[in-house]
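Residue-level listing of the chains:
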Amino acid sequence: MLKRWMNTGLMAMVIIIFIGVTQVYAENVGAGEKGSDTEMADLEQLLHTADSVIDRADQWVIKWQAEGKGDAYTQAAKLAVELGLGVPVYDLQTGHTVYRSEATVGGSESPVGMLLNVADTDNNGYYVIVQLSGGSSLDRQALLALHGQVNNALTESGVKANWNMSVQGMMQEGNVESLHTEASNAFQDGVEIKAGEQLAVMEAKLSHDLNMMAVERYEDEATTSVSYQAAELPLQIQSGSHMLNMQLAVHQVSGQDEARITVGFPVITIEY
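Residues numbered from 1 in each chain as written. Predicted model: local features only at pLDDT ≥ 70, side-chain atom pairs only at ≥ 80, totals over all residues. Heavy atoms only, no water.

A separate point is the pattern of salt bridges. Scanning all chains against the criterion turns up 3 salt bridges. A salt bridge links R140 to D51; the nearest nitrogen and oxygen atoms lie 2.6 Å apart. Here R140, found in helix α5 (residues 140-156), pairs with D51, found in helix α3 (residues 36-51); they are 89 residues apart in sequence, far enough to count as distant. By relative accessible area, R140 is classed as partly exposed at 30%. Its relative accessible area of 30% is what places D51 among the partly exposed residues. (Salt bridge = Lys/Arg side-chain N within 4 Å of Asp/Glu carboxyl O. Helix = DSSP H or I, 4+ residues; strand = E, 2+ residues; numbered from the N terminus. Buried < 20%, exposed > 50% of the residue type's maximum accessible area, 1.4 Å probe, protein only.)

For the rest of this paragraph, the subject is the environment of G158. Here G158 shows up in the loop between α5 and β6 (162-171). Note: C-alpha distance between G158 and Q75 (83 residues apart in sequence) is 9.6 Å.

A separate point is helix α4 (residues 72-83). With 12 residues, α4 ought to run about 16 Å at 1.5 Å a step, and its terminal C-alpha atoms sit 16 Å apart, in line with that. For α4, the set of buried residues is A72, Q75, A76, L79, A80 and L83. Taken down its axis, α4 places every buried residue within 135° of arc, on the same side. In α4, those exposed residues whose orientation departs by more than 90 degrees from the buried face are T74 and V81. Close packing links the buried residues of α4 with β3 (96-105), β4 (112-121), β5 (125-134) and α5. Its side-chain oxygen at 3.3 Å from the backbone nitrogen of Y73, D71 defines the N-terminal cap of α4. Immediately downstream of α4, the backbone of G84 shows phi near 75°, a positive value. (Expected span 1.5 Å × (residues − 1). Arc of directions from axis to C-beta. Contact = heavy atoms within 4.5 Å. Polar contact = N/O pair within 3.5 Å; in protein donor to acceptor, adjacent residues only side chain to side chain.)

This brings us to the sheet that holds strand β8 (residues 223-229). One open sheet holds the 10 strands; their spatial order is β2-β3-β4-β5-β1-β6-β12-β11-β8-β7, and the pairing between them is antiparallel. Each edge of the open sheet is held by one strand with a lone partner, namely β2 (89-93) and β7 (213-219). Put simply, the sheet's adjacent strands are angled 20° from each other on average, direction ignored. Note that strand β11 (residues 246-252) and strand β12 (residues 259-265) share 6 bridges and pair antiparallel. (Pairing = 2+ DSSP bridges. Axes fitted to C-alpha atoms, helices over the stretch in contact; angles between N-to-C directions.)

Turning next to the pairing of β3. The pairing of β2 with β3 spans 5 bridges and is classified as antiparallel. Within the sheet, the bridge partner assigned to Y90 lies in β3 and is Y99. Hairpin remark: β2 followed by β3, antiparallel, with 2 residues in the connecting loop; positive phi at T94, about 45°. Bridge analysis of β3 against β4 gives 8 bridges, and the strand direction is antiparallel. Opposite T104, over in β4, you have G113 as the bridge partner.

So far we have only geometry, and geometry alone does not tell us how the molecule works.
Shown next as structure tokens:
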């Protein structure tokens, strides 16, 4: 399943996500049982790790996912109240009923988008996705506060959810400089620097702070994606015989010198 995500490089619609992710996140060890302070400390650690390789982050996405038994609308309405959102509205996606509510919170200069989706599943069940997202002007303190708010809301509603985070931006300036000479020579020869070579620079940077081991890899002409086992990081999922904690992807944008970097904990769940 993880290989399918890497091959497509696309974030599917909500229903496709919950069908594909349920099994993996059910195996996320100990998730949903931590205290709010621990969860926020985990988020700070992941933000610091992302900073190591992304200099100009322009997209942040945190998702909580959970499944349960009961009426989907009742659960959606309860969560909307806890999250301070409006009354959920009905939607139909790929033949499934979804109740959706969203809003922009925080200041006008650093807004954070909050989205709630609760979908009907078979056998009187539901699947919940709560998402926080922001751009380059994101206020990190506001993000930390909202992260705690979502955790508390899910707990108060009796929902045990697992969360993940993806950060996207451009390669760190210092890392770009380290490739400058090689890039100049390649340009003279009419050859582009490959995404895999750029990702290797990121790995070298991160390896100073993390004991990381590459366990899954996908590569094509413009994109390289690698998943890692890194026990120091707080989020994990099972993939085959490995526990994954982080996924890195580099995509060389056609016609541009810069590469788009995406970091996912424990895996990437947005388009890269």
